[in-house]
Amino acid sequence: MTSSLAVSPFQVMSSRKNATATQSSKEPPISPASLHATTIPTAADFSTPSQLQQLHARLIKSGLPPSSSASALPLHRVAAVCALSSPSAFSYARRLFGLCDASSETVLWNSHLNTLSSSPSPADALVLFSSLRFAGVASDVFTLSFVLKACSRTPAALPLGRAVHALVEKLGFRYDVFLLNTLVHMYASRGDISAARLLFDVMPAKDVVTWNIMITHYTKTGEMEMARHLFDSMPERSVRSWTAMIAGYGQWKKPREAVRLFREMESAGVQPNEVTVVAVLAACADLGELDLGKRVHEFARRWSFQKNNVRVCNTLIDMYINCGCVEEARQVFDEMAERTVVSWSAMIGGHAMHGQGEEALKLFSRMREAGTEPNGVTFVGLLHACSHMGLLEEGKRFFSSMTEDYGIVPEMEHYGCMVDLLSRAGFLEEAREFIREMPVKANSVVWGALLGGAKMHSNINMGEEALRHLVELDPLNDGYYVVLSNIYADAGRWEDVAKVRRMMKDRGLKKTPGWSTISLDGVVHEFVAGESDHPRIEEVYRGWDELLEKLRCRGYVPDTSAVLLDMDAKEKEKVLYRHSEKLAVVFGLMNTREGRPLRIMKNLRVCSDCHAALKLISEVTDRDIVVRDRNRFHCFRHGSCSCRDYW
C-alpha cells in the first residue's frame, strides 16, 4: 500500500535525523543474557527500544500469550519510543500493535503525531508521517490535521503541505470543515496567503473559525482593508473575530480605529476576553484615552483578569504611564502577585518619562534584590532617567554595567540615550567623540540627539554637523531642518534661516504644524497652532483672553524668543497665544469640573513660553496639567513642573 506520499522516511529527514537513525540502526541485537539483566524496566518507565524489548520478553516469560503480552504494554508509550528510532524499532512497534486490535494502530500513531506537531520540533511529526505512509498505515482526518499543523509550524514545509492537500482530496475529505480550516491556516502560516484565500473562497461550507483564520492572517500582514471587508461580511462573529480586528488596528498604528471598533463590540453585547483587554488597553495607551482605559481596567478587575494575567497587568501599567497617571501605574505594579522583567522595565521607564528619576533608580535596586535579571529595555529606562535628571556619571556607569555585569550588547537606542545624556549636560564634544567611537554606524536617532543638544546649548557648528549626517540618513524629516533653522534664529542669523527654508522648499518639505489633543467624555478634541476648525474656537479664544489677564497679574510675560520668526514683538505674542497646548488647556478648563486634572497630548516639543505659562496656569486654576509631548511627560502642579525645568 503506497501512494505519491509513500516515500522513504529517510528522504525527508535532516542530517541530524540521519545521524540519529544511523546510530540507532547499529544498535546490537538483544542477546538472551541481556533479558536477565538486573535493570529490566517496569511497564511505565522504558525509554528505548531495547528496554521495550526487555519488558516484552519478561511479559512473555511470565506465561502471557503474545496478544495479551502486547496488550499489557502502554501502547501510546510504545509509539512514542519507537516512532523516530531505527526502522527495525518502528517495525517492531507495528508488530506489537498488530497483536492487539489492528484497527487502533492509526489512533495510536495519531496520538504521537499530535504530540510531535505541538512540540518544539514539529518537523519530527513530518518524519513520522512519512514513515507511516511508507509502511502503508491508513490516514484519517486527525492524521492529516496533525500533519498540517506541523507543516504550518515548520519552515520550508509548504511543498509537503500541498501534497497533504492533494491527499485530502484523494481520500474524500474535501467536505470536512475542520480539516479545510487547518489547510487554510497552513497556507497562510507558510506565507501563501493567495492559496489560503483561494481555498477559503471555494470552500463549500465555512464556520466562524474559517473566517477568523483569514481575518487573523490578513491583520498579521497589515492588510487591514481586506481584513475589515471579511469582518463586515461575516454571517456571525465571535469574540475572537472582534479581537483579531482590534489587535490588528493596534499593531498597525491605527489606535483610533481599534477604539472605535471596541465600542461597536460593546454595543453588540459581545463580552471581551483577556486578549481583547490587552489589545484595547494598548490602543488607549497610544491615544491617551484614559477614561476608556479606566473602564476597561474596571472590567478586567471584575473578571479577575488583572489578578491572574501578568500580560494584562503589564499593559495596564503601560496604559496609565502613557496617559500621564504614573501613580495609578505604580499601584497596579505594587499589587501584582507576580512580576516579569517587562513589568519592572515598564515601571522604571514610566518613572523616567515622568521626571521621577530617583524613583526609577530605587525601583531598579528593588528589581535586583528581587533577583530579576534586567534586559535592554530596562537600561533604556535607566538611561532616560539619568538623561532627564542630568545624572551624567550615573548614566555612564549604567551604560558600562549593562555589558560588563549583564552581558547585554548595546543597541542603537542605548547609544542614542548616551548621546542625549551627554548633549543635554553640555558635553557636546564628548558626545560627538562617543558617536565616532561607536562600533556601529550611528542612525538618525543618534545624530538627532546631538542636534537637540546643539539647539539646547546654541552650538551652531555642532548643529550643522549633525544636520549634514541627518540629511543623508533621513532626508524627508522636516523636524531636523526646523531645529537647525531655530538655532540660526536664536543667533539672529536670518539669512541662514532663509537658506534652510529654501532647502526645505527645494526638497518639497513643509514644517509639521503643532497640534494638541484633549479627550473629554470619549471625544478627542484637536487644536492646531495658529488655526483651528474646532466649532467652539472663538469661545476658546475668549477664554484664553480672560485667563491671560489672570496670568499677567501673577507676573506672566510672554517669552517672545520662543517665536523664531523675523517679526515684531507684538506679532510674536499673538503667535504664542495661539499655540495648540494653550488652546487645549483652555478648552479643558471650560468643559471639566473644578479640580479635575487635564491631560494633553502634543506632537511636538513644548516651547519655553508654553512651559512657563502652563506652570502659572496650574497655580492660578489649582489644576494638575499633564502634557505628553514628543519626548516626555510634563506634570504641572502648584506652579512647578516634574521636569524641574531640565528638558
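Conventions adopted
- Residues numbered from 1 in each chain as written.
- Predicted model: local features only at pLDDT ≥ 70, side-chain atom pairs only at ≥ 80, totals over all residues.
- Heavy atoms only, no water.
- Helix = DSSP H or I, 4+ residues; strand = E, 2+ residues; numbered from the N terminus.
- Rg over C-alpha atoms; globule rule 2.2 N^0.38 Å.
- Buried < 20%, exposed > 50% of the residue type's maximum accessible area, 1.4 Å probe, protein only.
- Areas by Shrake-Rupley, 256 points an atom, 1.4 Å probe, with all protein chains shown as cover.
- Lys, Arg positive; Asp, Glu negative; His and termini not counted.
- Charge placed at Lys NZ, Arg CZ, Asp CG, Glu CD.
- Axes fitted to C-alpha atoms, helices over the stretch in contact; angles between N-to-C directions.
- Parallel < 35°, antiparallel > 145°, perpendicular 65-115°, else oblique.
- Left-handed = near helix turned anticlockwise from the far one by under 90°.
- Contact = heavy atoms within 4.5 Å.
- Nonpolar A, V, L, I, M, F, W, Y, C, P; charged D, E, K, R; others polar.
- Pairing = 2+ DSSP bridges.
- Phe/Tyr/Trp six-rings, centres within 6.5 Å; stacked < 30°, edge-to-face > 60°.
- UniProt positions renumbered as here; feature names shortened; annotations may be inferred.
- pLDDT = per-residue confidence, 0-100.
- 1 Å grid on protein atoms, 1.4 Å probe; cavity = no way out; pocket = protein on both sides within 12 Å on 5 of 7 lines; lining within 4 Å.
- Points joined across faces, edges and corners; volume = space filled by probe spheres on them.
- Expected span 1.5 Å × (residues − 1).
- Disulfide = S-S within 2.5 Å.
- Arc of directions from axis to C-beta.
- Salt bridge = Lys/Arg side-chain N within 4 Å of Asp/Glu carboxyl O.

1. Notes on the overall build of the chain
Link 1 in the chain: Across its full length, the chain holds 34 helices and six strands.
Link 2 in the chain: Taken over C-alpha atoms, the radius of gyration comes to 33 Å for the chain, far larger than the 26 Å a tight globule of 647 residues would show.
Link 3 in the chain: Principal-axis analysis of the C-alpha atoms gives the chain an extent of 105 × 55 × 50 Å.
Link 4 in the chain: The 647 residues of the chain split such that 50% are buried.
Link 5 in the chain: Within the structure as shown, the chain displays about 30600 Å² of accessible surface, and the carbon and sulfur contribution to it stands at 52%.
Link 6 in the chain: A gap of 4 Å separates the mean positions of the 75 positive and 75 negative side-chain charges of the chain.

2. Remarks on the packing of helix H27 (residues 444–456) against helix H29 (residues 478–490)
Angle between the axes and distance between the axes: these two values describe a pair of packed helices.
Link 1 in the chain: One can describe the packing of H27 onto H29 by two numbers: an axis separation of 10 Å at closest approach and a directional angle of 20°. One finds that H27 runs roughly parallel with respect to H29. The hand of the H27/H29 crossing is left-handed. Residue-level inspection shows Ser-444, Gly-448, Leu-451, Ala-454 and Lys-455 of H27 in contact with H29, the latter providing Tyr-480, Val-483, Asn-486, Ile-487 and Asp-490.
Link 2 in the chain: Partitioned by chemical class, the residues of the contact of H27 with H29 number five nonpolar, three polar and two charged.

3. Some remarks on the environment of Gly-248
Link 1 in the chain: One can find Gly-248 in helix H14 (residues 239–251).
Link 2 in the chain: Separated by 20 residues in the primary sequence, Gly-248 and Ala-268 have C-alpha atoms spaced 19 Å apart.
Link 3 in the chain: Discounting residues that sit within four places of it in the chain, Gly-248 has contacts with Thr-219 and Met-224.

4. Considerations on the pairing of strand S2 (residues 523–528)
Link 1 in the chain: Alignment of strand S1 (residues 515–520) against S2, held across six bridges, turns out to be antiparallel. What sits directly across from Ile-518, in S2, is His-525.
Link 2 in the chain: What sits between S1 and S2 in their antiparallel hairpin is a turn of two residues, with Asp-521 showing a positive phi close to 55°.

5. Considering unusual backbone geometry
Link 1 in the chain: One non-glycine residue with positive phi stands out, namely Ser-304, at about 65°.
Link 2 in the chain: By the secondary structure assignment, Ser-304 is in the loop between helix H17 (290–302) and helix H18 (305–308).
Link 3 in the chain: For Ser-304, a relative accessible area of 30% corresponds to the partly exposed category.
Link 4 in the chain: Even without a glycine there, the phi angle at His-638 is positive, about 55°.

6. Some details on the packing of aromatic side chains
Link 1 in the chain: Taken as a whole and assessed by the stated rule, the structure comprises 15 aromatic pairs.
Link 2 in the chain: Each ring, one from Phe-364 and one from Phe-398, has its centre 5.7 Å from the other, and the planes form 85°; the classification is edge-to-face. With Phe-364 in helix H22 (residues 357–369) and Phe-398 in helix H24 (residues 392–404), this pair connects stretches of sequence that are 34 residues apart.
Link 3 in the chain: Between Phe-399 and Phe-434, the ring centres sit 5.7 Å apart and the planes meet at 65°, which makes this aromatic pair edge-to-face. Highlighted residues: Phe-399 in helix H24 and Phe-434 in helix H26 (residues 428–436), separated in sequence by 35 residues.

7. Regarding the sheet that holds S1
Link 1 in the chain: Strands sit in the order S2-S1-S3-S4-S5-S6 across an open sheet of six strands; the sheet is mixed. A strand with exactly one partner marks an edge of an open sheet, and here the two such strands are S2 and strand S6 (640–641).
Link 2 in the chain: Of the strand pairs in this sheet, strand S4 (residues 625–628) and strand S5 (residues 633–637) are connected by four bridges, and their pairing is antiparallel. Counterpart to Arg-628 in the pairing with S5 is Phe-633.

8. Digging into the UniProt feature "repeat: PPR" (unreviewed entry) in the chain
Link 1 in the chain: If you check UniProt for "repeat: PPR" (unreviewed entry), the listed places come out as residues 207–237, 238–272, 309–339, 340–374 and 375–410 in our numbering.
Link 2 in the chain: Between the C-alpha atoms that bound residues 309–339 there is a distance of 10 Å. The span itself is 74% helix and 0% strand.
Link 3 in the chain: Between the end C-alpha atoms of residues 340–374 the distance is 10 Å, and the span holds 74% helix and 0% strand.

9. Describing the side chain of Ser-485
Link 1 in the chain: Here Ser-485 is to be found in helix H29.
Link 2 in the chain: Non-local contacts of Ser-485, meaning those with residues more than four positions away in its chain, are made with Val-497, Val-500 and Arg-501.

10. With respect to the confidence of the model for the chain
Link 1 in the chain: Per-residue confidence for the chain gives a mean pLDDT of 88, with 91% of residues at or over 70.
Link 2 in the chain: Between residues 1–40, whose pLDDT stays under 50, and residues either more than four places distant or in other chains, the model counts 48 contacts.

11. Quick notes on the layout of surface pockets
Link 1 in the chain: One number sums up the size of the second largest pocket: a volume of about 380 Å³.
Link 2 in the chain: Lining the second largest pocket are 27 residues, and of these Gly-288, Leu-290, Ser-519, Arg-596 and Arg-599 lie nearest its centre.

12. Let's talk about helix H7 (residues 123–135)
Link 1 in the chain: In this model H7 runs 19 Å from its N-terminal to its C-terminal C-alpha over 13 residues, within 8% of the 18 Å that 1.5 Å per residue would give.
Link 2 in the chain: Among the residues of H7, Asp-124, Ala-125, Leu-126, Val-127, Leu-128, Phe-129, Ser-130, Ser-131, Leu-132 and Arg-133 are the ones counted as buried.
Link 3 in the chain: At the C-terminal side of H7, Gly-136 shows a positive phi close to 85°.

13. Let's talk about the state of the cysteines
Link 1 in the chain: In total, this model carries zero disulfides according to the counting rule given.
Link 2 in the chain: With no disulfide of its own, Cys-313 lies 16 Å from the sulfur of Cys-284, the closest cysteine sulfur.
Link 3 in the chain: Since its relative accessible area comes to 4%, Cys-313 is described here as buried.
Link 4 in the chain: Here Cys-635 is not disulfide-linked; the sulfur of Cys-641 is the nearest cysteine sulfur, at 6.9 Å.

14. Here we look at the packing of helix H6 (residues 105–117) against helix H8 (residues 141–152)
Link 1 in the chain: Where H6 meets H8, the closest approach of the two axes is 9 Å, and the angle between their N-to-C directions is 20°. It follows that H6 is roughly parallel to H8 by the angle criterion. Like other packed secondary-structure pairs, H6 and H8 cross with a definite hand, here left-handed. Along its contact with H6, which presents Thr-106, Asn-110, Leu-113, Asn-114 and Ser-117, the element H8 presents Phe-142, Thr-143, Phe-146, Val-147, Lys-149 and Ala-150.

15. Considerations on helix H15 (residues 255–267)
Link 1 in the chain: An ideal rise of 1.5 Å per residue puts 18 Å on 13 residues; H15 measures up with 19 Å between its terminal C-alpha atoms.
Link 2 in the chain: Turning to H15, its buried residues are Pro-255, Ala-258, Val-259, Leu-261, Phe-262 and Met-265. The buried residues of H15 occupy an angular sector of 165° when the element is viewed end-on, so they sit on one face.
Link 3 in the chain: Tucked into the core, H15 has its buried residues touching helix H13 (224–233), H14, helix H16 (274–287) and H17.

16. Considering the pairing of S5
Link 1 in the chain: Remark: four residues form the turn of the hairpin made by S4 and S5, two consecutive strands paired antiparallel.
Link 2 in the chain: Here S5 pairs with S6 via two bridges, running antiparallel. Residue Phe-636 lies in a different strand from S6, and its bridge partner there is Cys-641.
Link 3 in the chain: Hairpin remark: S5 followed by S6, antiparallel, with two residues in the connecting loop; positive phi at His-638, about 55°.

17. Some points on the pattern of salt bridges
Link 1 in the chain: Overall, the coordinates contain 30 salt bridges when judged by the stated rule.
Link 2 in the chain: With a shortest N-O distance of 2.6 Å, Glu-105 and Arg-94 are connected by a salt bridge. You can see Glu-105 sitting in helix H6 and its partner Arg-94 sitting in helix H5 (residues 87–99), a full 11 residues away along the chain.
Link 3 in the chain: Here Arg-596 and Asp-291 are joined by a salt bridge, their closest N and O atoms 3.5 Å apart.

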